[in-house]
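# Residue-level structure breakdown
The lines below spell out each chain.
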Amino acid sequence: MPSSSKEKRDFLPEIADPVPQATRSRPPLPKTGNHDLCLSTLRADPRSSSADVKGLAEIALEAASAKSNEALNYFLDLLRREGDPVRSRFCGTCVDTYGGNVKRIIPEALTDLTNNQFASAKESITTAATNAQWCEDQFAGSSTGTGQNKAAHDTAALAADVIGTLG
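Now for a look at the structure at hand. Source: prediction; values computed, not measured.

To continue, consider the overall build of the protein chain. From N to C terminus, the protein chain includes five helices and zero strands. Counting from the amino terminus, the protein chain carries its helices and strands in the arrangement α-α-α-α-α. Counting the 167 residues in the protein chain, one finds 44% classified as buried. For the protein chain, the share of sequence-separated contacts (at least 6 apart) that also reach a separation of at least 24 residues comes to 65%. Accessible surface, the protein chain: about 8600 Å² in total, of which carbon and sulfur atoms supply 55%.

Quick look at the structure:
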């Protein structure tokens, strides 16, 4: 991903590896709500080693999309198996919510990021995080999808934090 040297920054911190610290010039990660998730998400993508901040934001958005898609598939499967009408309704609203995240909200955030509309990108991905939390909250502590909701929420919040460093 081309970028100007002024824009080029690598926020991935060093973790014990054989390259001497003196040969590195990596500043710390941007301030995020979950440092470990930020590190694991960005390091999992090989593009992160050469990405500028905008590239890191794109990687985070793609991770958020993947987690929302996983949650969507989980709740689709649960909806097919759920016998309780109230829980079925909750699952159905989660399917609708995650479907919106995957098909509309996160793609809008990616488009806004590409077009350097950082405030709009952050607003969209923050909506995706809120939607994931809303899905969890409607179950009032009885969701079997807590792990999926948390993963979708946290990766979307991470993407919002990274985008927030762009302005």
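Remark: helix H2 (residues 53-81) packs on helix H5 (residues 146-164), axes separated minimally by 8 Å, with the N-to-C direction vectors making an angle of 160 degrees. Between H2 and H5, the interaxial angle falls into the category roughly antiparallel. For the pair H2 and H5, the crossing hand works out as left-handed. Of the residues in H5, those touching H2 at Val53, Leu56, Ala57, Ala60, Leu61, Ala63, Ala64, Lys67, Ser68, Ala71, Tyr74 and Phe75 are Gln148, Asn149, Ala151, Ala152, Thr155, Ala156, Ala159, Val162 and Ile163. Of the residues belonging to the contact of H2 with H5, the class tally is 16 nonpolar, four polar and one charged.

Here H5 is 19 residues long and its end C-alpha atoms lie 26 Å apart, about the 27 Å a rise of 1.5 Å per residue gives. For H5, the set of buried residues is Asn149, Ala152, Asp154, Thr155, Ala156, Leu158, Ala159, Ala160, Val162 and Ile163. On its buried side, H5 packs onto helix H1 (35-43), H2, helix H3 (85-114) and helix H4 (118-138).

Over its 30 residues, H3 extends 42 Å from the first C-alpha to the last, a length consistent with the 44 Å expected when each residue adds 1.5 Å. Within H3, the axis deviates most sharply at Asn101, by approximately 45 degrees. Residue Asp84 occupies the N-cap position of H3, its side-chain oxygen lying 3.0 Å from the main-chain nitrogen of Val86. Just beyond H3, the residue with positive phi is Asn116, at close to 60 degrees.

Let us now look at unusual backbone geometry. For Asn116, which is not glycine, the phi torsion reads 60 degrees and is therefore positive. Topologically, Asn116 is positioned in the loop between H3 and H4. Residue classification places Asn116 among the partly exposed positions, given a relative accessible area of 46%. Although it is not a glycine, Ala140 sits at a positive phi angle of roughly 50 degrees. With respect to the secondary-structure elements, Ala140 resides in the loop between H4 and H5.

Here is what the cut-offs are and how they apply
Residues numbered from 1 in each chain as written. Predicted model: local features only at pLDDT ≥ 70, side-chain atom pairs only at ≥ 80, totals over all residues. Heavy atoms only, no water. Helix = DSSP H or I, 4+ residues; strand = E, 2+ residues; numbered from the N terminus. Buried < 20%, exposed > 50% of the residue type's maximum accessible area, 1.4 Å probe, protein only. Contact = heavy atoms within 4.5 Å. Areas by Shrake-Rupley, 256 points an atom, 1.4 Å probe, with all protein chains shown as cover. Axes fitted to C-alpha atoms, helices over the stretch in contact; angles between N-to-C directions. Parallel < 35°, antiparallel > 145°, perpendicular 65-115°, else oblique. Left-handed = near helix turned anticlockwise from the far one by under 90°. Nonpolar A, V, L, I, M, F, W, Y, C, P; charged D, E, K, R; others polar. Expected span 1.5 Å × (residues − 1). Bend = angle between axes of the 7 residues up to and from the residue. Polar contact = N/O pair within 3.5 Å; in protein donor to acceptor, adjacent residues only side chain to side chain.

Scope: geometric values only; no functional claims are made or implied.
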